[in-house]
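If you want the building blocks of each chain, they are given just below.
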Amino acid sequence: MSMSTIIESARSEGRSLLTEIEAKQVLEEAGVPVSPARLARNRGEAVKTAIELGFPIVLKIVSPQITHKSDVGGVALNLNSPDEVGAAFERVVASAKQHAPDATIDGVAVQRMEKQGVEVIVGMTKDPQFGPVLMFGLGGVLVEVLKDVSFRVVPLDARDARQMVHEIKGYPLLEGYRGQEPADVAGLEKLLLKVSEFVEQHPEVSELDLNPVFAYKDGALAVDARIVLG
Amino acid sequence: MTTPPSHDLHRALAPKSVVVVGSKKADGYMWLRNYGTFIGGPVYSVQIDPNEIPGIEAMGVQNFTSLMDVPGEIDYVMLAVPRPVAPRVLADCAKRGVGGVALFTSGFAETGEEEGIRLQEQVLQIARDGNLTLIGPNCMGLYNRRLGIRQSGDQGAGEAGDVGFISQSGTHAINFGLVGEVHGVRVSTSISIGNAIILDVPDYLDYLADDPETKVIAMYIEGVKDGPRFVRSLRRAALLKPVVVWKGGVTDAGARATASHTGSLATSQAVFGAIVRQCGALAADSLEDAIDVVKALLYAKPATGRGMGLMAMTGGQSVVITDAFVNAGMEVPRLSDASYAELGSFFNIVGGSYQNPLDMGGTIGFGGSAGTLRKLFAILDADPNVDAIAMEMASGFLARAWHANPASLDGMLDTLAAHRDESAKPFVAVLQPQHVEDVVAEARKRIQARGLAVFASFERAARALKRATDYHRFRAGLD
């Protein structure tokens, strides 16, 4: 599905928030490295998709009415075989139905359980005067408490992306602090440039969050994605 | 968004004729006085009040009772009339096809009151319909040093300066001219832009970016109306010449003050700072700071390296000058083996050291031996680890010598100027006021007269040179 089809379907359903599956799909098409999430409507689809994506696998309930998935038992982590995925599909759907009997359940999002990297976040908000602004920071406490983030207005060029990554105070953590593997800084810069391109091409996107993005020694991957339409 | 009409700013900002409308005795005929130094052509007055006319004519200025009667082409009008009259005179300006109008009159949208907002709408309409090049309202207009058009009678006139200034505040525009001059920073063209209802920051920025007289641009702004347009102009200007952006209203309380001053919308400081850097411009946080950066850009040679060779007169000063430059983001490297070998052959290490910083008081003597100082400069200049040199001029010690024998300063300045001429590396001097402010003030003038960059503190020198280096790195594609 293209961006325009996805937007159309979201709008026709009166939604401004794309589902994680939709968000990742449009980002993937735009060349942003994301951990893909696919919709499985039944157990068979879930198992088939899991085999395609590779183990370990995460399942998450997909329902327009359910926003806090883990509260309804709608998340299953670290599934290592087709059988585990199949059983977890039944479990997750049953639990969601029990906790939220009125919710429409579209199915389950199947995605790889990605290995932990250095956690960073990439976000976009619209400044009333300057338009879309990208934000970059280290994930978790560093962004929430210390506000250790950098900004650039869209569009970014290579220099901007480089400075954004290097500007944060926590940059040494990306260089491999205390024996940690160094993160692929060039990969992060490339991801920022791809997000900038995406945002520039889609003015209808009013907010975007990739949180977390895992930075590995080779490459970076957005593990969760949130897109709000304006 | 409509494309703003292009304005021929050169006619208004480098005018060949000037008219002041509404000059009056109550303010000492301020505008006619400010333009008393104008050399570009005639200065006329328009005033209808018979009580005011004799005073104007006594100044030797020809007065007319209507703008329509003024002879010849009118390039620049300073409009200082009560606000209800402003729309009518602006309509005359449009009819006459003047080059530009600066509207000094205030009491428009910045008041937040209905009458002011209504009048501003009216002014805007007249200006748009008449395609008027309108500066302001609520502004001090133009300062063109070479032509002698000033925002204040205290500003200098004569030789052209080389720094363009754009200011959302009349006070800061005037002070940049006045204070800058004390520091060897002279204005080419400065515009107090007021409420900027027609011409806005990007218009002036585009003009100054293309103005051959302007080598560096600085600005004081509180907010931006058209963000993307501002970014485009700032980016373009910074690729052509250094641009220093001093932003007011960076705190929440300051932003509230901004809203009542120029009605500007607040953008988060973090985002604004990022934009400045993204465009390759340099941020400053006060008048002095902006002047310091401009001074470093004008008077220190361009370099992209951050390695400092530091020279101080005592141990304590050599420690704090080092801290200042490192804190500002510069580096203080070890010198080359060749430098150490050479320094080791003559440097007095009793009460001194030459690791970098050079603690050189005991070596050059507190009178400042020219021969030894020249040798130290030559070593640092040749050292591949050193990209720029900063030197403390120990005002406390030197003041006594300079006071007794003013010519002794000239000897030192000869040495510094010779070094500056021979070396491709940026050189900055630090002359702290200490307890001898009056001597220092006099000495600073003489140092600046030799075209040397001199700062009042290590921190100011370091922060200024760091940003000048940032700019040269940006231009070289390094950062």
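Because the structure is predicted, anything quoted here is derived from the model rather than measured. (Residues numbered from 1 in each chain as written. Chains lettered and ligands numbered in written order. Predicted model: local features only at pLDDT ≥ 70, side-chain atom pairs only at ≥ 80, totals over all residues.)

Within chain B, the secondary structure is distributed over 19 helices and 17 strands. At 25 Å, chain B has a C-alpha radius of gyration in line with the 23 Å of a compact globule built from 479 residues. If one aligns the C-alpha atoms of chain B with their principal axes, the spans along those axes are about 80 × 50 × 35 Å. For chain B, with 479 residues in total, the buried portion stands at 53%. Considering only contacts in chain B between residues 6 or more positions apart, those separated by 24 or more positions represent 74%. (Helix = DSSP H or I, 4+ residues; strand = E, 2+ residues; numbered from the N terminus. Rg over C-alpha atoms; globule rule 2.2 N^0.38 Å. Buried ≥ 20, exposed ≤ 12 C-beta atoms within 10 Å, placed from the backbone. Contact = placed C-beta atoms within 7 Å.)

Next up on the list: the overall build of chain A. The secondary structure content of chain A amounts to eight helices and ten strands. Its C-alpha atoms give chain A a radius of gyration of 18 Å, within 12% of the compact-globule value 17 Å for 230 residues. Taken along the three principal axes of its C-alpha coordinates, chain A extends 50 × 45 × 30 Å. Counting every position in chain A, which comprises 230 residues, the buried fraction comes to 41%. Considering only contacts in chain A between residues 6 or more positions apart, those separated by 24 or more positions represent 61%.

Moving on to helix H4 (residues 82-99) of chain A. All names here are of chain A. For H4, with 18 residues, the first-to-last C-alpha span of 26 Å sits near the 26 Å given by 1.5 Å per residue. Taken residue by residue, H4 has Val85, Ala88, Phe89, Val92, Val93 and Ala96 as its buried positions. One side of H4 holds all its buried residues, which, seen down the axis, span an arc of 130°. Summarising the geometry of H4, the exposed residues directed more than 90 degrees from the buried face are Asp83, Ala94 and Gln98. Contact partners of the buried residues in H4: strand E1 (37-40), helix H3 (43-53), strand E2 (57-62), strand E3 (75-79) and strand E4 (107-112). (Expected span 1.5 Å × (residues − 1). Arc of directions from axis to C-beta.)

Right, let's get into the pairing of strand E15 (residues 388-392) of chain B. All names here are of chain B. Counting buried residues along E15, five of its five residues qualify, which places the element largely inside the surrounding structure. Neither face of E15 is exposed, since Ala388, Ala390 and Glu392 on one face and Ile389 and Met391 on the opposite face are all buried. Judged from the four bridges that link them, strand E13 (residues 308-312) and E15 form a sheet pairing that is parallel. Paired with leucine 310 across the two strands is alanine 390, which belongs to E15. In terms of strand pairing, E15 meets strand E16 (residues 427-430) through four bridges, oriented parallel. When the sheet's bridge partners are listed, glutamate 392 is paired in E16 with valine 430. (Pairing = 2+ DSSP bridges.)

In this section: the domain arrangement of chain A. The extent of an interface is frequently quoted as the accessible surface area lost upon association of the parts. The domains assigned to chain A are domain 1 (36-112) and domain 2 (118-229). A separation of 28 Å is found between the C-alpha centroids of domain 1 of chain A and domain 2 of chain A. (Domains from an automatic or database assignment.)

The next subject is the interface of chain B and chain A. At the interface, 13 residues of chain B touch twelve residues of chain A. Among the secondary structure elements, those contributing two or more residues to the side of chain B that touches chain A are helix H8 (227-240) and helix H10 (269-278) of chain B. Ranked by residues supplied to the side of chain B that touches chain A, first place goes to H10 of chain B with six residues. In terms of residue class, the side of chain B that touches chain A is made up of eight nonpolar, three polar and two charged. (Nonpolar A, V, L, I, M, F, W, Y, C, P; charged D, E, K, R; others polar.)

With parallel pairing, five strands are arranged side by side in an open sheet as E14-E13-E15-E16-E17 (chain B). Lying at the two open borders of the sheet, with one neighbouring strand each, are strand E14 (358-359) and strand E17 (453-455) of chain B.

Our next topic: the environment of phenylalanine 64 of chain B. All names here are of chain B. Position of phenylalanine 64 relative to the elements: it lies in strand E3 (residues 62-64). For phenylalanine 64, a count of 17 C-beta atoms within 10 Å corresponds to the partly exposed category. Taking the C-alpha atoms as reference points, phenylalanine 64 and tyrosine 44, separated by 20 residues in sequence, lie 7.7 Å from one another.

What follows covers unusual backbone geometry. Omega for the bond connecting valine 154 of chain A with proline 155 of chain A falls within 30 degrees of zero, at 5°, which places this linkage in the cis form. Inspection of the secondary structure assignment puts proline 155 of chain A in the loop between strand E7 (149-153) and helix H6 (158-167). The step from asparagine 356 of chain B to proline 357 of chain B runs through a cis peptide bond, and the omega angle for that step is 10°. With respect to the helices and strands, proline 357 of chain B occurs in the loop between helix H13 (337-344) and E14. Positive phi outside glycine occurs at asparagine 78 of chain A, with the angle close to 55°. For asparagine 78 of chain A, the location among the structural elements is in strand E3. Positive phi outside glycine occurs at asparagine 356 of chain B, with the angle close to 85°.

The subject of this paragraph is the domain arrangement of chain B. All names here are of chain B. Segmentation of chain B into domains returns domain 1 (1-138), domain 2 (151-299) and domain 3 (302-475). With centres defined by C-alpha atoms, the gap from domain 2 to domain 3 works out at 30 Å. With eleven residues of domain 2 at the contact, the number on the domain 3 side is 15 residues. For the side of domain 2 that touches domain 3, the per-class residue count stands at six nonpolar, three polar and two charged.

A few words now on the packing of helix H15 (residues 370-382) of chain B against helix H17 (residues 407-422) of chain B. Residue and element names in this part refer to chain B. Here H15 crosses H17 at 20°, and the two axes come no closer than 10 Å. Judged on the interaxial angle alone, H17 and H15 are roughly parallel. Classified by chirality, the crossing of H17 by H15 is right-handed. Of H17, the residues touching H15 (which contributes Ala370, Leu373, Arg374 and Phe377) are Gly411, Thr415 and His419. Considered class by class, the residues forming the contact of H15 with H17 number three nonpolar, three polar and one charged. (Axes fitted to C-alpha atoms, helices over the stretch in contact; angles between N-to-C directions. Parallel < 35°, antiparallel > 145°, perpendicular 65-115°, else oblique. Left-handed = near helix turned anticlockwise from the far one by under 90°.)

What follows deals with the sheet that holds strand E1 (residues 18-21) of chain B. All names here are of chain B. Pairing in this open sheet of six strands is parallel, and the strands run E3-E2-E1-E4-E5-E6 from one edge to the other. Two strands lie at the open edges of the sheet, namely E3 and strand E6 (134-135), each paired on one side alone. In this sheet, strand E2 (residues 43-46) lies alongside E1 in parallel orientation, the contact comprising four bridges. Among the inter-strand pairings, valine 20 is bridged to a residue of E2, identified as serine 45.

Sheet faces and side chains relate simply in a regular strand, where the side chains alternate between the two faces. Residues and elements named next belong to chain A. Of all the six residues making up E4, five are buried; the element is thus mostly covered by neighbouring parts of the structure. Here four bridges tie E1 to E4, and the two strands are oriented antiparallel to one another. Residue pairing in the sheet places leucine 39 in a bridge with alanine 109 of E4. Here E2 pairs with E4 via six bridges, running antiparallel.

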